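Structural characterization, general
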Amino acid sequence: MLDKGYINHQEISTITINQQTKQIETFTRLKMAGSHALVMAVLVMGIAFHSTLIDATIAKSMYFNWGAHHSSILGNGDDLRLVLDQTSGSGIQSKRAFLFGSIEMLIKLVPGNSAGTVTAYYLSSTGAKHDEIDFEFLGNSTGEPYTIHTNIYTQGQGNKEQQFKLWFDPTSGYHNYTIHWNPTQVVWYVDSVPIRVFRNYESEGIAYPNQQGMRVYSSLWNADNWATRGGLVKIDWTSAPFVASYRRFRARACKWNGPVSISLCAIPTPGNWWMSPVYKQLSNGQQAQLKWVRDNYMIYNYCTDFKRFKGQIPPECSKPQF
């Protein structure tokens, strides 16, 4: 069922929270009553909950949160241009926050001499203890490849960077960048190819992003103090304006309606498709794709940076991630 817009947010949110609270109470009672009743409840709740999935245009799902001076949403509302010039960059964010699911966007990166620019596409909550899952595309001089910078923050702590080159020109056409996130793992995909996995080892004291709803953000900005060769290559403003193009934002994800969503978004119902066993671990074919990317295109991994961490490598680095 498609989302028809964001009219009367407060009323819709209140209704949804009440529905979710009743569903959790029902789920708990029926779990105590027996397995047959539980199965029937899961089926009914899954059908009802499916209506919370978002499949709308960029214009209906997102808004400019800064620097919209030259940026624009075009066509039927599903094409976006973010612009960076000497006056400002620009950014956009989703109207809703989500907890678990699949967030995807088609992106065509800044062509030509993009050195010093960063196109960011990420999920984030707010506050000092925020969670965040990042794609950042670091520009480069004409003819040199982009760098994909990935990171994940849990409870405000990041420092989990992994970087990759791409096996194609990301400026010549649109490519799909997807963040898939469930209670078991976070997976970064490029054109359906997994490039990174971060698994849930919360039971072993390693923080995992499963308690906070996150909105979707994208921005194009001046980062020439670090983005290209550690800041040695600066932006060439004679090449401005710089333009990143987007299409078809899709959040097939669980809407965040406060703490009640922590339980509801993790219930294994048909509507919560990300809870299916097939999404608990990469398939053998996907693991082969992941290995190919990491063997051939990974250029930095925080888990092998012994000097940076003075020999104290973060604990998740010793755990299987795929």
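Keep in mind it's a predicted model, so treat the numbers as computed, not measured. (Residues numbered from 1 in each chain as written. Predicted model: local features only at pLDDT ≥ 70, side-chain atom pairs only at ≥ 80, totals over all residues. Heavy atoms only, no water.)

1. Some remarks on the overall build of the chain
Per the secondary structure count, the chain includes five helices and 14 strands. Buried positions account for 52% of the 322 residues belonging to the chain. Contacts in the chain between residues at least 24 apart in sequence constitute 68% of all its contacts with a sequence separation of at least 6. As presented, the chain carries roughly 14700 Å² of accessible surface, and 54% of it is formed by carbon and sulfur atoms. (Helix = DSSP H or I, 4+ residues; strand = E, 2+ residues; numbered from the N terminus. Buried < 20%, exposed > 50% of the residue type's maximum accessible area, 1.4 Å probe, protein only. Contact = heavy atoms within 4.5 Å. Areas by Shrake-Rupley, 256 points an atom, 1.4 Å probe, with all protein chains shown as cover.)

2. As for the side chain of Asn301
Within the secondary structure, Asn301 is located in strand S14 (residues 298–301). In this structure Asn301 touches Glu161, Gln162 and Arg294, once residues within four positions along its chain are discounted.

3. Observations concerning the state of the cysteines
Covalently bonding the sulfur atom of one cysteine to the sulfur atom of another cysteine gives a disulfide. Under the definition given, this model contains two disulfides. In this model, Cys254 is linked to Cys265 through a disulfide, with the two sulfur atoms separated by 2.0 Å. Its S-S torsion of about -75 degrees marks the bond between Cys254 and Cys265 as left-handed, since a negative value means left-handed. Taken together, the residues span a long stretch of sequence, with Cys254 in strand S13 (residues 242–255) and Cys265 in the loop between helix H4 (260–264) and helix H5 (284–296) at a distance of 11 residues. Note on accessibility: Cys254 and Cys265 belong to one class, buried. What pairs with Cys303 in a disulfide is Cys317, and their sulfur atoms sit 2.0 Å apart. Between Cys303 and Cys317 the sulfur-sulfur dihedral comes to about -75 degrees; the bridge is accordingly left-handed. Of this pair, Cys303 sits in the segment after S14 while Cys317 is found in the segment after S14, placing the two residues 14 residues apart along the sequence. (Disulfide = S-S within 2.5 Å.)

4. Quick notes on the UniProt feature "glycosylation site" (unreviewed entry) in the chain
The UniProt feature table records "glycosylation site" (unreviewed entry) at Asn140. With respect to the secondary-structure elements, Asn140 resides in the loop between strand S6 (132–138) and strand S7 (147–153). On the accessibility criterion, Asn140 (13% relative accessible area) is buried. Residues within four places of Asn140 in sequence aside, it is in contact with Gly112, Asn113, Ser114, Ala115, Pro145, Lys165 and Thr228. (UniProt positions renumbered as here; feature names shortened; annotations may be inferred.)

5. A closer look at the layout of surface pockets
Any empty space left between atoms is shown by rolling a water-sized probe over those atoms. In this structure, the second largest pocket occupies an estimated 260 Å³ of space. Lining the second largest pocket are 17 residues; nearest its centre among them are Ser102, His180, Tyr189, Tyr279 and Gln286. For the lining of the second largest pocket, the secondary-structure elements that each account for two or more residues are strand S4 (90–108), strand S9 (175–181) and strand S10 (185–190). (1 Å grid on protein atoms, 1.4 Å probe; cavity = no way out; pocket = protein on both sides within 12 Å on 5 of 7 lines; lining within 4 Å. Points joined across faces, edges and corners; volume = space filled by probe spheres on them.)

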